Amino acid sequence: MANAFWFDFEKDVQDLHEQLEKARVTHEQGKLDMSDMVQTIESKIKEAQKSVYSHLTGWQKVQISRHPERPYTLDYIGHICTDFVELFGDRQIRDDKAIVGGFAKIDGKPVMIIGQQKGRNTKQRQLRNFGMPNPEGYRKALRLMKLAEKFDVPVVTLIDTPGASPGLEAEERGQGEAIARNLMEMAVLEVPIVCIIIGEGASGGALGIGVGDKVLMMEYTWYSVISPESCSSILWRTWDKKELAADALRLSSSDMFKNGLVDGIIKEPIGGAHHNPEEAYSAVKAAIKKELKSLRELDKETLVAQRIDKFSQMGVVLEPEDGA
Amino acid sequence: MATEDHGFDEFDDLNPSDSKWYVRTLSGILTKTKDKKPTPDGLWEKCKRCKEVLPSKDWIDHLYVCPSCNYHDRIGSEAYFHLLFDNGKYTEINAGLTSGDPLSFIDTAPYADRIKVAQHKTGLTDAVRTAYGKINGTPLGVACMDFAFIGGSMGSVVGEKIARMIDHCIATQTPFLMISKSGGARMMEAAFSLMQMAKTSAKLALLNKAKVPYISLMTNPTTGGVTASYAMLGDFNIAEPEALIGFAGPRVIRETIGKDLPKGFQSSEFLLDHGFLDFIVSRNDLREKLSTLLSIIWNKKKH
Ligand SMILES: [Zn+2]
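Residues numbered from 1 in each chain as written. Chains lettered and ligands numbered in written order. Predicted model: local features only at pLDDT ≥ 70, side-chain atom pairs only at ≥ 80, totals over all residues.

A. Quick peek at the domain arrangement of chain A. Annotation of chain A at the domain level lists domain 1 (8-55) and domain 2 (62-311). Computed from C-alpha atoms alone, the centre-to-centre distance between domain 1 of chain A and domain 2 of chain A is 35 Å. (Domains from an automatic or database assignment.)

Here is the structure:
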C-alpha cells in the first residue's frame, strides 16, 4: 500500500512503490504479464526498506512519530477495544477534546483507556488543539483513573502529544498544578497502569498521563523533556539545530530503553505504524494484554510499592567518595 | 513547536550558553559566591527596582527585601537556612551528591564542563541543598533551590536530594518545607530530568500518606517542570510577593498567542486570585508564619 505523504529520506522506497503501482495497473489491465516485474520490485522494496529504516537518525524518528497518517488514540481504541463507553468532562470547567477516555473491553476484559487525541484535518486539529491538553484534560484523565480504581479496573494510557497547551487560559487554570496532581495520584493509584507512547511524548504534557507500572514506547516514537526544536532554540539559540538536538536528547525508543527510562519497546511495521496499521493495532493489543496479565497477579501494596520504587531509581548521581 | 518553556530565556543571568561568563569563569576571575565576604560597613547598595540606596548592612538585615518598595531580591540556600533555622543552626545532608553526565550531552559546550563551571562559580555542588534543624523548637526539613546554579534547573541531583530529604522527613516524622526557585528542567539531562518530576511527586505521595505536613514555598522564578511537580503539591502552597510562577514561560506564551501578556500575569498575586496559593508571605514574616502554622497542625509533644 502507498502512503499519500512521504519523507525525503524515504525517497528510494517511495519511488519503488510508485513503480510497483504502475506495474500492477498494467498487469491488471491485461496489457502485459507483469508478475515477474511485480515480484522483482517487491523484493527491491524490502531491500530499500532495510537500508532506509535501519539507520534512522533521532530527527527522522521524530518525523515518523508525527506522520500525518499515523494511527491516533481513537484509531487504536476502535481497533483493539470493544464496548468503548467514552466519558467526557472534568466536572469543573469543560470537556477537553485533546484527551479522550472511557471504559472498554479488550478481549472481554475491562479496561479504562485514556489518551491524547490529535486531529487529521484542519478542523479536527483545532478541535483537538493539536493534541495539547489544557488543565481540564489532565483533570478529566485523573477523574477517569479514580473511577477505574473505584471499580478495580486497570488503566491504559496512550501518549501522543507535542506538549501541554501553552496559553493564557491554561496558566490561569493551573496547568502546572493539574500535571503535578496527576503525577502524585498516579504514583499511588491502586490498579495496574500501562502507558504506551504511540507518537510524541513531549515533556510534562506526556508524563501527566505517563506514570505507569509499565511504560512502553512504540518503535518509531520519541519521549523527552523537550522537543528537539525547542531544545535547539533554547540551548543553541536557533531553530536550525533540531537534528543535533534530537540526537543529543537520546529521545528514541531504543535509547530510552537502554537508559532504563522505559520498560519496553513495541515493534512497529517497517517504516512506521502507518505503513500497516492493522499490524500496529495487534502489536499494541498484544503488549497491553501481556503486561496486564502479569500486573493483575500483584496485590495492591506490591503494585504501588514497585511503581514508586521504579521511578525512585531513575536518575544518575555521583555519590561522594568520602561518603559525606 | 509549542512545548512548555523552561524559563531559560527570561533571565539573562542563567543563559547557559553565555560564553562570556563561561570564559571569564574558566580563567578564574569570578569569586565563588560562598567566599564572598560580608560587605564591610560604609558600602551602599541600590534597590534593583525602586533604586533606593541603603547601606549594605541594612540590606542584609532586611533579608534583601527593599524597605521602600518590598522588592524581594534573589537570595540563595545559605541565606534561607540562616533565616529559618533556630540560631542559624542546621545539619545538611547529601551535600556531596554531584551530577553524572548520563548522555554525554554536548550543545555549544559539554554538559560536564558546564557543571564544573557552575560549581566553581557558585561554590555549590548542584541546584538544591537539603538540611534539617529546628524552627522555633519544631523540627523541620528544608530543601532549598539555588538559582545561581544553572538557573536552578532540575536534574538528577535535584530530584535525588529532594527524594532523600522526603525519605528523611517520613522516617523522622518531620515537616517538610520545599523552597523552589527554578527555570525548570535541566535539558542536558533530557528524560532523566523529566523523570525527576515523577520521582519527587511519588515521594510526596508517600509523605502525604504518612500525614506529615508539606509546605511548598515558591520564589522568583518557579517555572516549567518544577511547577508541574513538587512546587504545586504542598498541603500549603505559598509564595513570596511578586514571584513569577507558571508552567509555560512568558516568552513561549507570548509567541503562542501573538500578543503581550496582561500585567501581573503569572505573578504570585495572580495565582492567589486564581486559587492556586494559600497565601503570600513576605520573606521577613516567613519564619514567624511557618511557626504559627506548624504550632496549630503539628503537635510538638509528639516528638
Ligand atoms: Zn525598592
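Continuing now.
B. Representation of helix H1 (residues 11-28) of chain A. A rise of 1.5 Å per residue sets the reference length of H1 of chain A, with its 18 residues, at 26 Å; its end C-alpha atoms lie 26 Å apart and thus fit the reference within 8%. Gly30 of chain A sits one or two positions beyond H1 of chain A and adopts a positive phi of about 75 degrees. (Helix = DSSP H or I, 4+ residues; strand = E, 2+ residues; numbered from the N terminus. Expected span 1.5 Å × (residues − 1).)

C. Molecular detail of the interface of chain B and chain A. The interface of chain B with chain A comprises 58 residues on the first partner and 54 residues on the second. Of all the elements in the fold, those that place two or more residues in the side of chain B that touches chain A are strand E4 (98-99), helix H5 (156-172), helix H6 (190-209) and helix H7 (250-257) of chain B. For the side of chain B that touches chain A, the element with the highest residue contribution is H6 of chain B, accounting for 15 residues. Residue classes in the side of chain B that touches chain A are distributed as 33 nonpolar, 20 polar and five charged. (Contact = placed C-beta atoms within 7 Å. Nonpolar A, V, L, I, M, F, W, Y, C, P; charged D, E, K, R; others polar.)

D. Seen up close, the nonpolar core. The biggest cluster of nonpolar side chains holds 158 residues, and the ones touching the most others in it are Leu183 and Ile196 of chain A together with Ala191 of chain B. Here this core takes twelve residues from H6 of chain B, the largest share from any one element. With residues up to four places along the chain from it excluded, the contact list for Ala191 of chain B reads Tyr223, Ser224, Val225, Leu251, Met256 and Leu261 of chain A. (Core = buried A, V, L, I, M, F, W, Y, C linked by C-beta atoms within 7 Å. Buried ≥ 20, exposed ≤ 12 C-beta atoms within 10 Å, placed from the backbone.)

E. Up close: the sheet that holds strand E10 (residues 279-280) of chain B. Residue and element names in this part refer to chain B. One open sheet accounts for seven strands, arranged E3-E5-E6-E7-E8-E9-E10; its pairing is mixed. With partners counted over all chains shown, the strands left at the sheet margins are strand E3 (90-93) and E10, one partner each. Pairing between strand E5 (residues 128-135) and strand E6 (residues 138-145): eight bridges, direction antiparallel. By the bridge assignment, Lys134 is partnered in E6 with Pro139. In the packing of helix H3 (residues 77-84) onto the sheet, the strands contacted are E3, E5, E6 and strand E7 (176-182), and the crossing angle to E6 comes to about 165 degrees. Helix H9 (residues 286-297) rests against E5, E6, E7, strand E8 (214-222) and strand E9 (236-239) of the sheet, and its axis sits at about 65 degrees to E5. (Pairing = 2+ DSSP bridges. Axes fitted to C-alpha atoms, helices over the stretch in contact; angles between N-to-C directions.)

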